[in-house]
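Architecture at a glance
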Amino acid sequence: MDIQFTEEQELLRNSVQRLLKDEYDFDARRRIVVSEDGWSRTHWKKFADMGLLAAPFAEEFGGFGEGALATMIVMQEFGRRLVVEPFFETVVLAGGLIEAEGTDAQRREHLTGIAAGESIWALAWAEPGARYDLNNVSTTARRSGDHYILSGAKAAVIGAPWADRLIVSARTSGDRRDRQGVSLFIVDRQSAGLHLQSFKTIDGRRAAEITMKDVQVPAAALLGGEGEGAAILEACRDRAIGALCAEAVGAMSELNSATLDYAKTRKQFGVALGTFQVLQHRMVDMFIAHQEAVSLTQHLTLTLASKDSGTTKLASGAKTKVGYAARFIGEQAIQLHGGMGMSDELVVGHYFKRIGAIDIQFGDSAFHLMRFAHTN
Amino acid sequence: MELNLSREDAAFRDEVRSFIAANYPAEMRVPNPETDLSKEQSLLWHRILHKKGWIAPLWPKEFGGPGWSLTQRFIWEQETSRAGTLPPLAFSVTMVGPVIYTYGSEAQRQKFLPRILSGDDWWCQGYSEPGSGSDLASVRTKAVRDGDHYIVNGHKTWTTLAQHADWIFCLVRTDPSAKPQAGISFLLIDMKTPGVTVRPIITIDGSHEVNDVFLEDVRVPVENLIGDENKGWTYAKFLLGNERTSMAGIGRSTRYLRRLKDIVSAEVPEDDPAFGEFVRDIARIELDVLALEATELRVVAQMSRGIDPGPAASLFKIRGTEIFQRITDLTHRAMGNYGLALREHPAGGNVFMPGPDYGHTAAEKYLNSRKLSIYGGSNEIQRNIIAKAVLGL
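What you see is a predicted model; the values in this text were computed from it and never measured. The residue numbering used here restarts from 1 in each chain and proceeds along that chain's sequence as written. Starting at A for chains and at 1 for ligands, labels are handed out in the order in which the entities are written. Local features in this predicted model are restricted to residues whose pLDDT is 70 or higher, and side-chain atom pairs enter the listing and the counts only when it is 80 or higher, whereas totals over whole chains, interfaces and linings include all residues.

Each helix is a run of DSSP H or I of at least 4 residues and each strand a run of E of at least 2, with the numbering of both proceeding from the N terminus. Along the backbone of chain B there are 13 helices and eight strands. Considering only C-alpha atoms, chain B reaches an extent of 75 × 50 × 50 Å along its principal axes. Per-residue burial over chain B gives 44% buried out of 393 residues. The long-range fraction of contacts in chain B, counting pairs at least 24 apart against all pairs at least 6 apart in sequence, stands at 71%. Residue burial is a threshold on neighbouring C-beta atoms within 10 Å of the residue's own C-beta, all placed from the backbone, with 20 or more meaning buried, 12 or fewer meaning exposed, and counts in between meaning partly exposed. Contacts are defined on C-beta atoms placed from the backbone: any two residues whose C-beta positions lie within 7 Å are in contact.

This is the structure:
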């Protein structure tokens, strides 16, 4: 079950690799991360020009029609270069939701904008105190004539400070933790009554706490059926996990090769580190962990692409396995680099922090392990 | 776990507890004392302890120690780490001080010891060099004799809090032709000497704890040599022995474990899928702490009967650091989505952090604690020591 890329897929991968090699080395990334905005519109435009921002979409929206496979290819390369631009938030999360659930008008309007690199999106699903529970929504959306009025708080929304538009989950009926009654809305980030408090994330991105007080959106901003948001978000989470796993796999492969290089060249007690058996075995375990992560990521990607049933359980399984693998590889990569691994100047720590964040996003390994156990 | 204390020792424990409660400066209770305090703030407690005569529990009375028994020292260690007081600067009090009173000249004792006790001199450690790692004997910094001075050239790294330091104690190579361990000397260098440059190293948690220290044609008076030329390795090993005894960190782990439990109760509802995982993981750590504490008490009891604990320090270092890393990992996980946020340094800036206060340092502590299994002789090295010295492998 090793994925053999088609010619088009190989082309996509090569072109992403080439662009990132030329324009997104570690120094370039560092400059982007410490810049005032914290991301690069210039690079975003280049992604758009290459067609990356539509890659997973159907051909009618400018994509390759490759869905989860295209996402995997792009995310894996982005993981290898630690790209901070919000491809995941804009294309995978928002684009995926709009393509799957949007009306024709919504798709026409928004997917074109995303593909052209004209609009940045973020998905506001989490709430303070709700941890990883998609149903746990206290934010309310009240119908009022041709509008909905949204009020409530959203937590740790990654990419929100960069976004033009948000997709917000809010309760149109039911009690706080009911699966039914959650709805999704497209909300302009500049809306009156919507307030952001921005902060920096562990992996060099920006996120925000969002409060909404009587934010008015037109009825046409409803995305998907009213009250069906939780099920829609669950499918979105499965796609998200596929993308995050691919990104983690890319980061892990770089960590492993950097560690291996270091072990071969760095001398201690007069010999290369790699000659110590205890470290050899550690690196073998890192290699195995990566291989397993690659396998489950590919398995999940193919399942997502074929829209088979059982995706949710597999997604939780992959998130768990990849999460543990990533933490293990990250921690050991630092350990084997010794003091150097602790330095902010070395790329190793930055991979470690990104995969630490990936483990948290959409639920950590402990959460998904139990979900894997309890899902049929 | 409590020791079976005699009436006198119990009274001592009560005295220590109430002294800490009454005197520990509120100003030092910041989110992360290791990174958030200014030099002056972090010396506040040091100065209070100095006044009380308790600053250097390990030192003999003649040099300014309190003259405590082994049990009293252990009580002190337990009570201060339980209370979460910032330990006095280890490089000064625990490390270089004992080297100076054990191997230094009378003039060196008189010059340096009082200023270490009072906190007037801040010391840092010039051991590690780029490329040396846990192999300390690979020192390349050179000291060449020139009349009444040594001319020192080299590069020290991972130098903790060198940005505050008045003095640095350095391992330097004085005999390049001898075997690695034989040609090393132990030299005390005034940080204000021309040619000494400190460059910050920012670590992955964003903090500035460690530095590069560059030494370029630094002229050091010969009277700053400790003991004999080329015998520095003996003094360095003596010092490392002191460094490793205190790494079990039971008090700290107990404190952070209690905090972790509070955070889990507040953040992870019982019907969260991962709740059971947290309960199980916490119980395991609690057992690990209990077992390590019991081991430490056993070793203390052996020592007070005059038995050499051998490489017990390596065991404490391995388990102590693994336990603490695990606690910081779980605390970070317990914060859920808020584990994504990382405080900006230098701290104290008015920067927004999301989520409850108790989670604001979760990410940085998880990241920062990765260093524990690396420094002070990596845990791999500690295992080698046990394999060789205990198991005879």
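Our next topic: the overall build of chain A. When helices and strands are counted, chain A shows 12 helices and 10 strands. Projecting the C-alpha coordinates of chain A onto the three principal axes gives extents of approximately 80 × 45 × 40 Å. Buried positions account for 57% of the 376 residues belonging to chain A. A separation threshold of at least 6 residues defines the contact pool for chain A, and within that pool the share at least 24 residues apart is 73%.

So, about the domain arrangement of chain A. All names here are of chain A. Where a domain begins and ends is set by an automatic assignment or by a domain database. Domains assigned within chain A are domain 1 (7-120), domain 2 (122-228) and domain 3 (230-374). Relative to domain 3, the C-alpha centre of domain 2 lies at a distance of 30 Å. Three classes are used: nonpolar for Ala, Val, Leu, Ile, Met, Phe, Trp, Tyr, Cys and Pro, charged for Asp, Glu, Lys and Arg, and polar for all others, with Gly counted as polar. When its residues are assigned to classes, the side of domain 2 that touches domain 3 shows six nonpolar, four polar and three charged.

Time to look at the interface of chain B and chain A. On the chain A side, the residues contacting the 34 residues of chain B number 36 residues. When its residues are assigned to classes, the side of chain B that touches chain A shows 16 nonpolar, 10 polar and eight charged.

Our focus in this paragraph is helix α9 (residues 250-267) of chain B. Residues and elements named next belong to chain B. Given a helix with a known number of residues, its expected span is that number minus one, times 1.5 Å. With 18 residues, α9 should reach 26 Å at 1.5 Å per residue; the first-to-last C-alpha distance of 25 Å fits that figure. Along α9, the residues that are buried comprise I250, S253, Y256, L257, L260, I263, V264 and E267. Taken down its axis, α9 places every buried residue within 140 degrees of arc, on the same side. Summarising the geometry of α9, the exposed residues directed more than 90 degrees from the buried face are R258, D262 and S265. In this fold, the buried residues of α9 make contact with α5 (70-83), α10 (275-304) and α11 (312-334). Along the arc lie the directions from the helix axis toward the C-beta atoms.

Residues A124, L150, I167, F185, V187, A248 and M252 of chain A are the most contacted members of the largest nonpolar core, which totals 162 residues. With 16 residues, helix α7 (residues 229-265) of chain A is the single largest residue contributor to this core. Excluding anything up to four places from it in sequence, F185 of chain A contacts A141, Y148, L150, V168, A170, V217, A221, L222 and L223 of chain A. Core analysis: the next-biggest nonpolar cluster, separate from the first, contains 51 residues, A165, I184, M191 and L239 of chain B among them. Note on terminology: a nonpolar core is any set of buried Ala, Val, Leu, Ile, Met, Phe, Trp, Tyr and Cys residues joined through C-beta atoms within 7 Å.

Take the packing of α9 of chain B against α11 of chain B next. Axis angle and axis distance: for two packed helices, these are the angle between their axes and the distance between the axes, and together they describe the pair. All names here are of chain B. Contact pair α9 / α11: the axes reach a minimum separation of 10 Å and the direction vectors enclose 20 degrees. Between α9 and α11, the angle falls in the class roughly parallel. Where α9 crosses over α11, the two elements pack in a sense that is left-handed. Contact with α9, carried on its side by R252, S253, Y256, L257, L260, I263, V264 and E267, involves I323, F324, I327, L330, T331 and A334 of α11 and no other residues of that element. When its residues are assigned to classes, the contact of α9 with α11 shows 10 nonpolar, two polar and two charged. Fitted lines through C-alpha atoms give the axes, limited to the stretch in contact for helices. The angle between two N-to-C directions lies from 0 to 180 degrees. Just so you know how the angles are binned, under 35 degrees is roughly parallel, over 145 roughly antiparallel, 65 to 115 roughly perpendicular, and the rest oblique. Here a crossing is taken to be left-handed if its near helix is turned anticlockwise relative to the far helix by less than a right angle, and right-handed if that turn runs clockwise.

Residues and elements named next belong to chain A. Buried residues dominate strand β4 (residues 165-171), accounting for seven of its seven residues. By the alternation rule, side chains of β4 split into R165, I167, S169 and R171 and L166, V168 and A170, which are all buried. Bridge count between strand β1 (residues 121-124) and β4: four bridges; the pairing is parallel. Its bridge partner lying in β4, A124 is registered against V168. For two strands to be treated as a pair, DSSP must find at least two bridges joining them.

A few words now on the domain arrangement of chain B. Annotation of chain B at the domain level lists domain 1 (7-88), domain 2 (123-229) and domain 3 (247-389). Spacing between the C-alpha centres of domain 1 of chain B and domain 2 of chain B amounts to 30 Å.

Let us now look at the environment of E229 of chain B. All names here are of chain B. Counting through the fold element by element, E229 comes out in the loop between β8 (225-226) and α8 (232-245). Residue class for E229 comes out partly exposed when judged on the 18 C-beta atoms lying within 10 Å of it. The sequence separation of E229 and F186 amounts to 43 residues, and the corresponding C-alpha distance is 7.8 Å. Setting aside residues up to four positions removed in sequence, E229 forms contacts with T174 and S185.

Attention shifts here to unusual backbone geometry. For F362 of chain A, which is not glycine, the phi dihedral falls at a positive 60 degrees. Its identity as a non-glycine residue notwithstanding, D217 of chain B has a phi of 45 degrees, on the positive side. Locating D217 of chain B in the fold gives a position in strand β7 (residues 210-221).

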